[in-house]
Amino acid sequence: MKTKPFKSESKKLMDMMINSIYTHKEIFLREIISNASDALDKLYFRSLTDQSVGMKKSDFCINIEVDKQARLITVSDNGCGMTAEELDKNLGTIAKSGSYDFKTENGETPKNVDIIGQFGVGFYSAFMVSDAVTVISRAFGEEGANRWYSTGADGYSIEPADRENAGTTVIMHIKEDAENENYSEFLDTYKIQELIKKYSDYIHYPIKMEVSDYKPKENPDKKEGEAPEYEEVKTVKTINSMVPLWKREKRNIKKETYNAFYKEKYYDYEDPIKVIHYKTEGDATYTALLFIPAHAPFDYYTKEYEKGLQLYSKGVMIMEKCDKALPDHFSFVKGLIDSEDLTLNISRETLQHDSQIKLIAKTVEKKIKNELEKMLKTDRDNYEKFFAAFGRQLKFGVYNNYGLYKDELKDLLLFDCSLDKKITLKEYIEGLTDKQEEIYYASGETIESVKMLPQTDSVIKGGFTVLYLTDPVDEFALKTLNEYDGKKFINVCDKELKLDSDKEKAAADKTQSSKELLEQAKKVLENKVSAVKYTAALGEHPVALTSEGAISLEMEKALNAIPGSSNPVKANLVLELNLNHKVTQTLDKLYADNREKFDLAIKLLYDEACVVSGKKIDDPLAHAKAVCDLLTK
Ligand code: ADP
């Protein structure tokens, strides 16, 4: 028996195979089964026009046997088979199409061999787990069969052999275990079943295997209460479910079926809030089955969460999590894409996959957006539930990438507001009177604390609606949007916001005439504020803090809470005194009569303003002392 060397490129690939990362090795079974399925397709199609085949669709199948003692896994099919020449040509070289080249987009050879795990490289993957592979094949219409044999890199031999019918049998001798590499697990029938379910569940021919079940032994003498004896019963079972749910007609699928599929496949205990099942044709031809979960996974808002969709090609899973298939702002979507444009075969170059996936991703994104818009319009309760789970991700989406997606996402946002319900920006605008030219918002830690802000109170009393922002990302999202429908977003605590001009003029006059008093107040506060002034916009509250410039008090809190931010950010604060509150007269009096008490009062009023706006008192001990001093002096 003469051993032929492999063609040069194959030898290189063989080395990569043998040394590939262990976790990728399990795909060998998928590859061998896919080849068998292709061979069955070929003979089945022929049977449709050629009477001499003499087989019905139900006659075609794939058989798997595992022999633990001999360390053999055998995969046979009754498909088209191969002649001696075909064995030589097909299994003696890899790059039949001539385009096999492990190159990336920039023409570099990739450093890791991830490609193997992701897309597979066909028959040769058998050598990732085997130290010898035998292929016995008989081509349809031929009398004799042939045996191809190889122990890996050295080459292969072909000699005549026996096989009763047309088809191919691949016998893999599984490697001995090595350090950190447990090949023996592939000789476990449970493991093999698991791999079939994972990768080849939707191959549309039955994949049969003998499996053991334990059944109670028949025993007529068994006494009551006595434990039954069990015996091992071996039966041949079809392991794969054959027809994928997403390939079935949508109108024939019940909601419960979708839900059960989702929960089993994506390990959730709750039904999804939305199922999106569709087919497209055209630039990107594929079927998608997508789910929006009803709640965020526990690790959703952490770095550990990995987004992605599964990729299938003709029912065969080729990638577990394709992150490029989903944009970050829709990273909560689970599901899969099945496209014939994606092939198992890397010899068609990874580049092609990339552009294909980009094309698919674009339409997936559009579809998800449309479905969310539809839900917002027609199923508001569910949309609000969805938004409670994933709204924050949409707001990050507005803010991320320098606002690249802000226009796409702005109409999907919901905000709490002074109308005691959640509204969209569009709804805010629709509720405006003609004279309102801005969109008002207030931010704080909770709705309660935002409501308590003196400025919120006065804007509401002015007859306006105020958006309540309680998530740190909210204000950043609005700053990124900058305006909606031509109306600017204005923080109620912004010092520029003065709604009643007559009253404000009086406040400005008072600020002018009480310069000395205000200077003293600023001095007492040791430059914690950039100014102290009078205002008319505080309703019943004596004092409030407002901010000047781009950074609000809430943003200061959010930015400083980011781990690792070394330079604390400071909002530029202004202490505002309510011109129409009695406290103003008290302060005037104290300033004239009792400077010591005046200083104490200013300190305490500043602390009060901090508390009301949700900012911590700088020095609680000093605060306590000031209270005591004021009461005793
Ligand atoms: P690919 O399947 O991507 O073309 P492979 O290396 O897996 O690459 O297989 C090479 C070729 O060998 C196949 O294209 C097919 O023609 C042939 N082949 C492999 N397995 C079988 C089989 N079970 N029956 C018939 N032909 C097969």
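Refer to the preceding data block for the structure.
Scoring rules and cut-offs
Residues numbered from 1 in each chain as written. Predicted model: local features only at pLDDT ≥ 70, side-chain atom pairs only at ≥ 80, totals over all residues. Heavy atoms only, no water. Salt bridge = Lys/Arg side-chain N within 4 Å of Asp/Glu carboxyl O. Buried < 20%, exposed > 50% of the residue type's maximum accessible area, 1.4 Å probe, protein only. Helix = DSSP H or I, 4+ residues; strand = E, 2+ residues; numbered from the N terminus. Contact = heavy atoms within 4.5 Å. Polar contact = N/O pair within 3.5 Å; in protein donor to acceptor, adjacent residues only side chain to side chain. Pairing = 2+ DSSP bridges. Axes fitted to C-alpha atoms, helices over the stretch in contact; angles between N-to-C directions. Phe/Tyr/Trp six-rings, centres within 6.5 Å; stacked < 30°, edge-to-face > 60°. Lys NZ or Arg CZ within 6 Å of the ring centre and 35° of its normal. 1 Å grid on protein atoms, 1.4 Å probe; cavity = no way out; pocket = protein on both sides within 12 Å on 5 of 7 lines; lining within 4 Å. Points joined across faces, edges and corners; volume = space filled by probe spheres on them. Nonpolar A, V, L, I, M, F, W, Y, C, P; charged D, E, K, R; others polar. Domains from an automatic or database assignment. Core = buried A, V, L, I, M, F, W, Y, C linked by side-chain atoms within 4.5 Å. Patch = residues over 30% accessible without salt bridge, like charges linked within 9 Å, V, L, I, M, F, W, Y side chains within 5 Å. Areas by Shrake-Rupley, 256 points an atom, 1.4 Å probe, with all protein chains shown as cover. Lys, Arg positive; Asp, Glu negative; His and termini not counted. Charge placed at Lys NZ, Arg CZ, Asp CG, Glu CD.

**Q** How should the pattern of salt bridges be read in this particular structure?
**A** Here the idea is simple: oppositely charged side chains can pair when their charged atoms come close. Taken as a whole and assessed by the stated rule, the structure comprises 40 salt bridges. We note a salt bridge from Lys 197 to Asp 201, for which the minimum N-O separation is 3.3 Å. With relative accessibility at 43%, the residue Lys 197 sits in the partly exposed group. The residue Asp 509 makes a salt bridge to Lys 505 at a minimum N-O spacing of 3.5 Å. Here the residue Asp 509 and the residue Lys 505 both occupy positions in helix α14 (residues 501-513), the gap between them amounting to four residues, near one helical turn. Judged by its relative accessible area of 41%, Asp 509 falls in the partly exposed class. Classification of Lys 505 as exposed rests on a relative accessible area of 52%. One continuous salt-bridge network, built from bridges that share partners, spans Glu 26, Glu 185, Lys 191, Glu 194, Lys 198 and Glu 320.

**Q** Looking at this structure, I do not really get helix α16 (residues 553-561). What am I missing?
**A** Because an α-helix completes one turn every 3.6 residues, residues spaced three or four positions apart along the sequence face the same direction. For α16, every residue scored as buried is listed here: Leu 553, Glu 554, Met 555, Glu 556 and Ala 558. Where α16 is buried, its residues meet β16 (438-443), α13 (472-481), β21 (543-548) and β22 (572-578).

**Q** It is not clear to me how the environment of Lys 279 should be interpreted in this structure. Could you clarify?
**A** With respect to the element layout, Lys 279 can be found in strand β9 (residues 274-280). Sequence separation of Lys 279 and Leu 289 is ten residues, and the distance between their C-alpha atoms is 8.9 Å. Not counting the four nearest positions on each side in its chain, Lys 279 is found in contact with Tyr 286 and Thr 287.

**Q** Help me out: how do you make sense of the side chain of Ser 418 in this one?
**A** Examined against the element boundaries, Ser 418 turns out to sit in the loop between β14 (415-417) and β15 (422-423). Residue Ser 418 is classed as buried on the basis of its relative accessible area, which comes to 19%. Among the polar contacts made by the side chain of Ser 418, one reaches the main-chain amide nitrogen of Val 466 at a distance of 2.8 Å. Setting aside its immediate chain neighbours within four residues, Ser 418 contacts Ile 460, Phe 464, Thr 465, Val 466 and Tyr 468.

**Q** I'm lost on the sheet that holds strand β5 (residues 156-161) in this one. Help?
**A** Taken in spatial order, the eight strands make up an open sheet running β5-β4-β3-β6-β2-β1-β7-β8, and their pairing is mixed. Edge positions in the open sheet fall to β5 and β8 (230-238), since each of these has one partner strand only. The average undirected angle you get between the axes of adjacent strands in this sheet is 20°. Direction of pairing for strand β2 (residues 72-77) relative to strand β6 (residues 167-174): antiparallel, over a ladder of six bridges. Across the sheet, residue Thr 74 finds its bridge partner in β6, namely Ile 171. Where helix α3 (residues 84-92) meets the sheet, its contacts fall on β3 (130-138), β4 (145-150) and β5, and the angle it forms with β5 comes to roughly 155°.

**Q** Help me out: how do you make sense of unusual backbone geometry in this one?
**A** Excluding glycine, residues mostly have negative phi values, and the peptide bonds linking residues are mostly trans. A positive phi angle, close to 60°, is found at Asp 420, a residue other than glycine. Relative to the helices and strands, Asp 420 resides in the loop between β14 and β15. Overall, Asp 420 belongs to the exposed group, its relative accessible area being 61%. With a phi close to 55°, Asp 485 is a non-glycine residue in the positive phi region. You can see Asp 485 is positioned in the loop between β18 (483-484) and β19 (487-491).

**Q** I tried to follow the packing of aromatic side chains on my own but got confused; where do I start?
**A** Using the criterion set out here, one finds 28 aromatic pairs in the structure. When the ring of Phe 28 is compared with that of Phe 186, the centres are 5.4 Å apart and the planes differ by 75°; the resulting orientation is edge-to-face. Taken together, the residues span a long stretch of sequence, with Phe 28 in helix α2 (residues 27-49) and Phe 186 in the loop between β6 and α5 (189-200) at a distance of 158 residues. Residue Phe 28 shares its accessibility class with Phe 186, and that shared class is buried. For the ring pair Phe 330 and Phe 332, a centre distance of 6.1 Å and an interplane angle of 70° mean the geometry is edge-to-face. For Phe 330, a relative accessible area of 0% gives the class buried. Exposure remark for Phe 332: the relative accessible area of 1% places this residue in the buried category. Put simply, the rings of Tyr 300, Tyr 301, Tyr 305, Phe 330, Phe 332, Tyr 383, Phe 386, Phe 387 and Phe 390 touch in pairs and so form one group of aromatic residues. Above the face of the Tyr 44 ring, Lys 57 is positioned so that its terminal group lies 4.9 Å from the ring centre. Positioned above the aromatic ring of Tyr 301 is the side chain of Arg 392, whose terminal nitrogen or guanidinium carbon lies 5.2 Å from the ring centre.

**Q** What am I meant to see in the sheet that holds β22 here?
**A** One open sheet holds the three strands; their spatial order is β20-β22-β21, and the pairing between them is mixed. The open sheet is flanked by β20 (531-535) and β21, the only strands paired with a single partner. On average, each strand axis in the sheet is tilted by 35° relative to the strand beside it, whichever way the strands run. Where β21 lies against β22, six bridges are found, and the strand directions are antiparallel. Each residue of the ladder has a partner; that of Thr 546, found in β22, is Val 574.

**Q** Before we go on, may I ask you to explain empty space enclosed by the protein in this structure?
**A** If a probe the size of a water molecule is rolled over the atoms, the empty space left behind becomes visible. Counted according to the given criterion, the structure contains two cavities of 30 Å³ or more. For the largest cavity, the full set of lining residues is Ser 443, Leu 453, Asn 491, Cys 493, Leu 545, Thr 546, Ser 547, Ser 552, Leu 553, Glu 554 and Ser 613. Among the elements of the structure, β21 and α16 are those that each provide at least two residues to the lining of the largest cavity. Taken together, the residues that form the lining of the largest cavity break down as four nonpolar, six polar and one charged. For the lining of the largest cavity, the two domains that each supply at least three residues are domain 3 (409-491) and domain 4 (501-632).

**Q** Sorry, what's going on with helix α12 (residues 454-461) here?
**A** Looking at α12, one finds that the buried residues are Pro 454, Gln 455, Thr 456, Ser 458 and Val 459. Tucked into the core, α12 has its buried residues touching β16, α11 (447-452), β17 (466-469), β21 and α18 (595-612). In the stretch just after α12, Gly 463 is the one whose phi turns positive, near 95°.

**Q** Which parts of the structure should I look at to understand the nonpolar core?
**A** Ranked by internal contacts, the top residues of the largest apolar core, which has 68 residues, are Phe 332, Val 364, Tyr 383, Phe 386, Leu 394 and Leu 467. When residues of this core are assigned to domains, at least three map to each of domain 2 (245-378) and domain 3 (409-491). Excluding residues within four positions of it along the chain, Phe 386 makes contact with Ile 273, Ile 292, Phe 332, Leu 372, Met 375, Gly 391 and Leu 394. Counting 61 residues, the second-largest nonpolar core is a separate cluster that includes Tyr 44, Val 135, Tyr 266 and Tyr 312.

**Q** Help me understand a negative patch on the surface in this model?
**A** There is a patch of like negative charges on the surface, built from Glu 65, Asp 67, Glu 210 and Glu 232. Tracing the chain through its elements places Glu 232 in strand β8.

**Q** Please clarify how the layout of surface pockets should be interpreted in this entry.
**A** In this structure, the second largest pocket spans a volume of roughly 1000 Å³. Together, 36 residues line the second largest pocket, and Glu 264, Lys 265, Tyr 266, Tyr 267 and Gln 310 are the ones closest to its centre. A total of six residues in the lining of the second largest pocket trace back to one element, the largest contributor, which is helix α6 (residues 255-265). Residues of the lining of the second largest pocket, tallied by class, amount to 18 nonpolar, six polar and twelve charged. When residues are assigned to domains, the lining of the second largest pocket turns out to be shared by domain 1 (11-238) and domain 2 (245-378), each giving three or more.

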